[in-house]
Amino acid sequence: MAAVPVEEAIAALSTFSLEDDQPEVQGPAAWVSAEAGATVSPIEYSDVAAYRLSLSEDTKAINQLNSLVKEGREMASVLYTYRSCVKALPQLPDSMKHSQADLYLETYQVLDLEMSRLREIQRWQSAASAKLAADMQRFSRPERRINGPTITHFWSMLKLLDVLVQLDHLKNAKASIPNDFSWYKRTFTQVSVQWQDTDSLREEMDDLQIFLSTRWAILLNLHVEMFRVNNVEDILQVLIVFAVESLELDFALLFPERHILLRVLPVLIVLATSSDKDSESLYKRVKINRLITIFKNDPVIPAFPDLHLSPAAILKELSGYFQKFSAQTRLLTLPSPHELPFREAQDYQRHYLIVNHIGIIRAEHDDFAVRFASSMNQLMLLKSTESAESEWSKEVKGNAYDMIVEGFQLLSRWTSRIWEQCAWKFSRPAKDTTAMEANESLGSSSDYEKVVRFNYTSEERKALVELVSYIKSVGSMMQRCDTLVADALWETIHAEVQEFVQNTLATMLRTTFRKKKDLSRILSDMRTLSADWMANTSRTETDSHSAQTGGDESRGNFFFPRPVAPTAAQVHCLQFLIYEVVSGGNLRRPGGLFGNSGSEIPVNDMKQLETFFYKLGFFLHILDYTVTLANLTDLGFLWFREFYLESSRVIQFPIECSLPWMLVEYILESPSSGLLESVLMPFDIYNDSAQQALVVLKQRFLYDEIEAEVDHCFDIFVSKLCDIIYTYYKSRAASELLDPSFLFALDNGERFSVQPLRLTALFNMTRVKLLGRTINLRSLISERMNKLIRDNLEFLFDRFESEDLCAIVELEKLVEVLKDAHKLLSKDLTLDSFDLMMNEMLENISLVSYSSRLVSQIWSEMQNDFLPNFILCNTTQRFVRSAKVASAPVQKPSVPYARPSFYCGNQDLNAAHQSFVRLYSGFFGMPHMLSIVKLIGSRSLPWLIRALLDHISNKITMLEPMISGLQEALPKSIGLLPFDGGVTGCMRLIKEQLNWGKKAELKAEVLHGIKEIGSTLYWIGLLDITMREVDTKHFMQIAPWLGLIPGADGQMVEFKNGGDSPLVELFKSATAAIVSNPGCPSPISFQSLAKQAEAADLLYKANLNTGSILEYALAFTSASLDKYWSKWSAVPKTGFIDITTSKDFYRIYSGLQIGYLEESIQPQLPSYEVLGDSVAWGGCTIMYLLGQQLHFELFDFSHQILNVAEVEAATLSVQGWEVLLEALKKARRLNNHVFSMLKARCPLEDKTACAIKQSGAPIHRIKFENTVSAFETLPQKGS
């Protein structure tokens, strides 16, 4: 095979899209960067020497300070994550006291490892303090021998001082460290008895004890080192001025830098005012009101994730250690956070709480997102445009640079708000009132619960979730554009620098600094070290020409921007030179850094120098794009709680106290808040905290704890989220299935409508990034939905099994709601087929199984409860439960409990559907039969029919000996009733002849048996009517496709004799058209479609000739009666009708009927409420199938009494028998109705039983003319 050319392969690859449809509802991915940050010189400023600025000493000191800062932060991590070892030490029982020495030795070895780290911190802080003090003293000498300090040097000093302050604060706060040391000292005393030369160890231990037990030991040591040789007030004052001005010009700082300045400023003031010199010199350079304003604006300062600092508290506490400072009363009267008056505390609360600013933040986010997207679109358009105009290109790239700067400032401001709100919350624990709102008690709550769990209201949690989402979404948006904006950022920075050094400085050299040689030399040095003169010659002719069209009005140099940004060393040198120009190298110069007092530089030039100075500082953050973005979007501090773990003396807090989980839980518990799409954002806090634990704190056990919590929380999250999704879709389905007329009639029908939830984004999440793992959330939701639907079906069937047969309508409605919910869910998720799940729950998976769990339950209910305890009302065509049946109670399982989502979703919809279902709970009729047919389907229906028919056969078999017993009790001769005795005489005669007093129980059992046979046959009749409706609907759907039309005699005929049906013709013509096309890929597959259409045509036509289930049941019953024909319908010996001596079934039934009719009119024995109309259906059906209808109508006692009553009523009124006669008339009408129905459905001329198909459907073998419905001929009362 020939190789594909490279150009074609690349062109083919370029057509593939690597993008997917996954929405951005999670923060940026894990940061992977192999290059050193631009904010730190990768070569430690070794290239500064090339610029010949005599800064070698300065850069050397900067590198030393930076390495100390790095080491100090690692030691701060050790102190912050330090946990008590003593808690984990085993305690020996009394039986092992002999091993006490071994235990002490093991304990000492374990604790010595931890104490060695503390000794290392002690030695390091001593060296760091000495280095920082020596560094400051070098610049505080009266004669200046070296250049500096530079701005970079200022920052290194401040960062090292900040690390020392943090270490001191941690050492003071960690109570477990002195406890472990005391235990360590005790074990050392025990194990060192046998050691030689322990004096040096004891001396080290004493030094460490003093270091650990002395508060602010590091700061006191630093103070001693600073003022050991000569005073350092000048450099301290410069640092204070620099910190104050930087804090007041907040736009030039990112929040980590701002927090550093806020933490070190109180310490700098204490150190600067504690010397022997006059401390008032500080307040000449920085007014005390400016300091007080800064401290009042920030009463709490974030220091560690769960530990805050208070400038007022620091100043007050340090005043006890520095006597000189104790005279500063204005600073010492500042209130600590817990001392604030109520009104001031409320003002600070409004300032710190995000909920009070979320509206402005939301507007900032929306505005920035729109403008950032527009800027990136312009940048992409520029890159796709060849030979774009230089002015337009400069404008687009400059706009992109401005957007990145604005994005960094927004992220810094937002993340700083979260830090500061947390610090404020830690300084103001929850009160009892807050806990009452949360329905919790603070009595047994830990301190951490008071500052976190009970300290955030629902509105504050919502605002925090929103802000976390904004930070992560903007960070993700800016991260995706890093490669797109890289060149534009570098070119813009290059243009800014060249514009300043080539044009602005040139103007200053010609005007302001023309006669000032020293300053001119510095400006020339600035141009020398940063001017890119090659950019002036690297333009194309077109660009050069367009640049020269300005004429002589503009005298500035023109240069072509290049993506060549300045290095960290160049920025460092430029800031130093600008500072030299402004200050003249005089640390004691009054005023601020860019103050104009005593300066000969004009205001405009000073403003330009100041602006460029601060821009230079921000250039490094822009060049260090990825690291800056990672730092500004890092919210891992929201999880850490090391200080409170120690103070609470617990191993770990429950997840209810974890702030990230609290945010997730809030979203899940209030899905209507509109934040459901942001539910994954708080999980990024876990990603950030895990990154901090491994990379910054370097503690594996912290990562293990985070991982364990994430595993637990994510499982709960998926479970709760799926419950919300399931409830929402069940509610939607139930709402859609409500009757519109019902909703229209209600005044508050809108409460049954379901508010839409935005779930599409979560459904499309196939790659959720969590602790380095990628999780397919869509797959997890799909699996959970499948399980919930199966559990719901299981619950519905369990519920049905605990109720009677009338609950079948409720079951069918709830299954319909569930099926509709499955249909809605299937639009967004890949779920198992609902029919498959239904069959699984019905235990009807096997191909050879025709029974199912539901059919078995229906039959069990009919056998045990329905047939014995329900009676038929023929007029309403309904079965109702008899109130008089005293049968044994049916044992049923209790109704299972389930959530509202397993019914119709929510409480309102459940109530609406229950009110509808309650209408069908007191009876069994056609709606219930329709529900049964829908639920069990055609596959299991034959099994149920066969069970019913077998029940009829068994009942007939059971009745045979009982009827024989009644036949024996009949007298030998029973004649016709005489007319001369009247109704009274006839009734007396019947009682004498039908002397069944001893057979009362047998008579009742026979009546109940006949009643069950009648109920079963009527139930089958209802099933037959329902099946005819279903078959008719099915036929109307398929008849046009099969080419069937009704004939003149009502029979079906094909409108194309011998031709193909429309279905087959359609597929054949389509197949022929496709196959005839030369480009058809596989003709055989299309030809198989036509064959399948023919097979479907044959199958559907074969299923059209379905017969009547009732007719088949009657034929089956007739066949069952054939075995007892000789006993129940004896052939007369004489060949004539036997009038007096007959004991056939009709004579037995006639006696039973007159007996229970007579009992039914007695209030104390209401037999009708026990038997209902089913007895007539059972008895008349048996008599009809035995051929005894005419005999019954001739010799029935009821008929004879009615005839006597008619004759008697013509001569005189029938007194006392009106109720009985009315009952007899009703019974005669019912019997006639049953006989007419039987004649119509089962003519006795041809008693051949129906055949049964393999599918279970009966086939007609009897054809008869259509008759009028027997129910329409039923006589009405009073007719």
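Computed from a predicted structure; not experimentally measured.

1. Brief notes about the overall build of the protein chain
Along the protein chain, the regular secondary structure elements total 49 helices and 10 strands. Here the protein chain, with 1279 residues, has 52% of them falling under the buried criterion. Taking the contacts inside the protein chain whose residues are at least 6 apart along the sequence as the reference set, 79% of them involve residues at least 24 apart. Total accessible area computed for the protein chain in this model is approximately 60,400 Å², and 54% of it derives from carbon and sulfur atoms.

2. Details of the nonpolar core
Core analysis: the largest hydrophobic core is formed by 373 residues, its most contacted members being Ile418, Phe717 and Trp1019. Judged by nonpolar contacts, the second largest core, of eight residues, contains Val300, Leu340, Ala345 and Leu353.

3. With respect to the packing of helix α20 (residues 482-510) against helix α24 (residues 603-623)
At a minimum axis distance of 11 Å, the contact between α20 and α24 shows a crossing angle of 160°. Classified by the interaxial angle, the pair formed by α20 and α24 is roughly antiparallel. Relative to α24, the crossing made by α20 is left-handed. Residues Leu489, Trp490, Ile493, Glu496, Val497, Phe500, Thr504 and Met508 of α20 pack against Asp605, Gln608, Leu609, Phe612, Lys615, Phe619, Ile622 and Leu623 of α24.

4. Regarding the pairing of strand β6 (residues 878-881)
Summarising the sheet, strand β5 (residues 870-873) and β6 pair through four bridges and their orientation is antiparallel. From the neighbouring strand, leucine 872 faces β6, where its bridge partner is phenylalanine 879. Connecting the antiparallel pair β5 and β6 is a turn made up of four residues, with glutamine 877 showing a positive phi of about 60°.

5. Side note on the environment of tyrosine 283
Structurally, tyrosine 283 can be placed in helix α10 (residues 280-285). Between the C-alpha atoms of tyrosine 283 and threonine 273, which are 10 residues apart in sequence, the distance is 9.8 Å. With near-sequence residues (within four places) excluded, tyrosine 283 lies in contact with Ile269, Thr273, Ile288, Leu291, Gln328 and Leu331.

6. Quick word on the packing of aromatic side chains
One pass over the full model with this rule turns up 45 aromatic pairs. With a centroid separation of 5.6 Å and an interplanar angle of 80°, the aromatic rings of tryptophan 155 and phenylalanine 242 are classed as edge-to-face. Placement of tryptophan 155 in helix α4 (residues 151-173) and of phenylalanine 242 in helix α8 (residues 233-248) is noted, with a sequence separation of 87 residues between them. Looking at tryptophan 155, the relative accessible area reads 15%, which means it is buried. Given a relative accessible area of 4%, phenylalanine 242 falls into the buried group. Counting every residue linked through ring pairs, the aromatic cluster contains Phe866, Phe870, Phe879, Phe924, Tyr1018, Trp1019 and Trp1177. Lysine 171 extends its terminal NZ or CZ atom over the ring of phenylalanine 211, reaching a point 5.4 Å from the ring centre.

7. Considering the pairing of strand β1 (residues 301-304)
In terms of strand pairing, β1 meets strand β2 (residues 307-309) through three bridges, oriented antiparallel. Following the sheet pairing, isoleucine 301 is matched in β2 by leucine 309. Counting the residues in the hairpin turn of β1 and β2 gives two residues.

8. A look at a negative patch on the surface
On the surface, a cluster of negative charge is made up of Asp197, Asp199, Glu203, Asp206 and Asp207. With respect to the helices and strands, glutamate 203 occurs in helix α6 (residues 199-213). Classification of glutamate 203 as exposed rests on a relative accessible area of 52%.

9. Structural notes on helix α15 (residues 358-384)
Between the first and last C-alpha of α15 there are 38 Å, a value that for 27 residues agrees with the 39 Å anticipated at 1.5 Å per step. Within α15 the residues assigned to the buried category are Ile358, Ile361, His365, Phe368, Phe372, Ser375, Met376, Leu379 and Leu382. Buried residues in α15 make contact with α16 (390-427), α19 (458-480) and α20.

10. Remarks on helix α46 (residues 1174-1185)
Two residues of an α-helix separated by three or four positions point the same way, owing to the 3.6 residues in each turn. End to end, α46 covers 16 Å across 12 residues, agreeing with the expected 16 Å (1.5 Å per residue, within 8%). With respect to burial, α46 is a largely interior element, 12 of its 12 residues being buried. Remark: glycine 1187 follows α46 within two positions and exhibits a positive phi of approximately 75°.

11. Re the pattern of salt bridges
One pass over the full model with this rule turns up 53 salt bridges. With a closest N to O distance of 2.9 Å, aspartate 367 and arginine 371 form a salt bridge. Of this pair, aspartate 367 and arginine 371 both sit in helix α15, separated by four residues, roughly a single helical turn. On the basis of relative accessibility, which here comes to 40%, the residue aspartate 367 falls in the partly exposed class. As a salt-bridge pair, glutamate 460 and lysine 425 come within 2.7 Å of each other at their nearest N and O atoms. Placement of the pair is glutamate 460 in helix α19 and lysine 425 in helix α16, with a sequence separation of 35 residues. In terms of burial, glutamate 460 and lysine 425 fall into one category: buried. Members of the salt-bridge network, linked through shared partners, are Glu794, Asp798, Glu801 and Arg853.

12. A word on the environment of isoleucine 1161
Among the structural elements, isoleucine 1161 can be located in the loop between α44 (1145-1160) and α45 (1168-1171). The class of isoleucine 1161 is partly exposed, set by a relative accessible area of 33%.

13. Focus: unusual backbone geometry
In this structure, tryptophan 216 takes a positive phi of about 55° despite not being glycine. Residue position: tryptophan 216 is located in the loop between α6 and α7 (217-226). The class of tryptophan 216 is buried, set by a relative accessible area of 2%.

14. Let's talk about the packing of α15 against α20
Viewed as axis vectors pointing N to C, α15 and α20 meet at an angle of 75°, and their least axial separation amounts to 11 Å. In terms of orientation, α15 and α20 fall into the roughly perpendicular class. Across the interface between the two elements, Met376, Leu379, Met380 and Lys383 of α15 pack against Thr483, Leu484, Val485 and Ala488 of α20. Here the contact of α15 with α20 is built from residues that sort into six nonpolar, one polar and one charged.

15. Things to note about the confidence of the model for the protein chain
On average, residues of the protein chain score 83 in pLDDT, and 86% of them reach the 70 mark or higher. Scored below 50 in pLDDT, residues 538-554 shows 11 contacts in the model against residues more than four places distant or in partner chains. When the criterion is pLDDT under 50, residues 1246-1279 qualifies, and its contacts beyond four places in sequence or with other chains add up to 61 contacts.

16. Remarks on the side chain of serine 882
Position of serine 882 relative to the elements: it lies in the loop between β6 and α36 (907-917). With relative accessibility at 8%, the residue serine 882 sits in the buried group. The residues contacting serine 882, other than those within four sequence positions of it, are Asn869, Phe870, Ile871, Glu1169 and Val1170.

About the cut-offs
- Residues numbered from 1 in each chain as written.
- Predicted model: local features only at pLDDT ≥ 70, side-chain atom pairs only at ≥ 80, totals over all residues.
- Heavy atoms only, no water.
- Helix = DSSP H or I, 4+ residues; strand = E, 2+ residues; numbered from the N terminus.
- Buried < 20%, exposed > 50% of the residue type's maximum accessible area, 1.4 Å probe, protein only.
- Contact = heavy atoms within 4.5 Å.
- Areas by Shrake-Rupley, 256 points an atom, 1.4 Å probe, with all protein chains shown as cover.
- Core = buried A, V, L, I, M, F, W, Y, C linked by side-chain atoms within 4.5 Å.
- Axes fitted to C-alpha atoms, helices over the stretch in contact; angles between N-to-C directions.
- Parallel < 35°, antiparallel > 145°, perpendicular 65-115°, else oblique.
- Left-handed = near helix turned anticlockwise from the far one by under 90°.
- Pairing = 2+ DSSP bridges.
- Phe/Tyr/Trp six-rings, centres within 6.5 Å; stacked < 30°, edge-to-face > 60°.
- Lys NZ or Arg CZ within 6 Å of the ring centre and 35° of its normal.
- Patch = residues over 30% accessible without salt bridge, like charges linked within 9 Å, V, L, I, M, F, W, Y side chains within 5 Å.
- Salt bridge = Lys/Arg side-chain N within 4 Å of Asp/Glu carboxyl O.
- Lys, Arg positive; Asp, Glu negative; His and termini not counted.
- Charge placed at Lys NZ, Arg CZ, Asp CG, Glu CD.
- Expected span 1.5 Å × (residues − 1).
- Nonpolar A, V, L, I, M, F, W, Y, C, P; charged D, E, K, R; others polar.
- pLDDT = per-residue confidence, 0-100.

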